[in-house]
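These are the residues of each chain, in order.
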Amino acid sequence: MKVAYIFLTNLAHFILSNMIVPQLEKGMHGVDVVGMFFFVDNTFLLVRGNDVGERLSNIAKKTGMLLMACDRCAIERKIDGDLVEGAMIGCFPDLYKALGEVGIDQAITL
């Protein structure tokens, strides 16, 4: 099953660092994560030097997983030029296009 995660809540850091990222690193998450989209302050997770963002960047290099920060959120926080390698900024049309090309079975908002 192919899934995409949308990170909106203030629990995103906890969920990623303690659950999802370790499982992805060990290859035991149970599904194929093809994309992650980050909103509001969760965009800071994709800033260079952030442990979670760097780990996600490494996973994305190996798997081709999409890492995208909301463009408006990243620009308002002045981090749009400081994202981890492989991460991009975009809006819903960009997300739909990218995920539509790989096909997903489920989108999960956390």
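The notes below deal with the structure included here. (Residues numbered from 1 in each chain as written. Predicted model: local features only at pLDDT ≥ 70, side-chain atom pairs only at ≥ 80, totals over all residues. Heavy atoms only, no water.)

1. A short note on the pattern of salt bridges
- Taken as a whole and judged by the stated rule, the model has 7 salt bridges.
- The salt bridge partner of lysine 61 is glutamate 85, with a shortest N-O separation of 3.4 Å. Taken as a pair, lysine 61 in helix α2 (residues 51-63) and glutamate 85 in the loop between α3 (71-76) and β4 (88-90) lie far apart in primary sequence, 24 residues in all.
- Judged by relative accessible area, glutamate 85 falls into the exposed class, the value being 55%.
- Residues joined in a network through salt bridges with shared partners are Asp41, Arg72, Glu76 and Arg77. (Salt bridge = Lys/Arg side-chain N within 4 Å of Asp/Glu carboxyl O. Helix = DSSP H or I, 4+ residues; strand = E, 2+ residues; numbered from the N terminus. Buried < 20%, exposed > 50% of the residue type's maximum accessible area, 1.4 Å probe, protein only.)

2. What to know about the environment of isoleucine 59
- Turning to its location among the elements, isoleucine 59 is positioned in helix α2.
- Isoleucine 59 gets classed as buried once you look at its relative accessible area, which sits at 9%.

3. Overview of the packing of helix α1 (residues 12-26) against α2
- Between α1 and α2, the least distance of the axes is 11 Å, while the angle of their chain directions is 30°. Classified by the angle between their axes, α1 and α2 sit roughly parallel to one another. In the packing of α1 onto α2, the handedness of the crossing is left-handed. Judged by residue contacts, His13, Leu16, Ser17, Val21, Pro22, Leu24 and Glu25 of α1 engage Val52, Arg55, Leu56 and Ile59 from α2.
- Class assignment for the residues of the contact of α1 with α2 results in 7 nonpolar, 2 polar and 2 charged. (Axes fitted to C-alpha atoms, helices over the stretch in contact; angles between N-to-C directions. Parallel < 35°, antiparallel > 145°, perpendicular 65-115°, else oblique. Left-handed = near helix turned anticlockwise from the far one by under 90°. Contact = heavy atoms within 4.5 Å. Nonpolar A, V, L, I, M, F, W, Y, C, P; charged D, E, K, R; others polar.)

4. Observations regarding the side chain of histidine 29
- Considering the arrangement of structural elements, one finds histidine 29 in the loop between α1 and β2 (32-38).
- At 2.6 Å, the side chain of histidine 29 forms a polar contact with the side chain of tyrosine 5.
- Within the local environment of histidine 29, its side chain forms a polar contact with the side chain of glutamine 23, the two groups lying 2.6 Å apart. (Polar contact = N/O pair within 3.5 Å; in protein donor to acceptor, adjacent residues only side chain to side chain.)

5. Remarks on the sheet that holds β4
- Pairing is parallel in the open sheet, where 5 strands are placed in the order β4-β3-β2-β1-β5. With partners counted over all chains shown, the strands left at the sheet margins are β4 and β5 (106-109), one partner each. For this sheet, the mean angle separating the axes of adjacent strands, direction not counted, is 30°.
- Alignment of strand β1 (residues 2-7) against β2, held across 6 bridges, turns out to be parallel. If you follow tyrosine 5 over to β2, its bridge partner there is methionine 36.
- On the sheet, α1 packs against β1 and β2 and is oriented at approximately 160° with respect to β2. (Pairing = 2+ DSSP bridges.)

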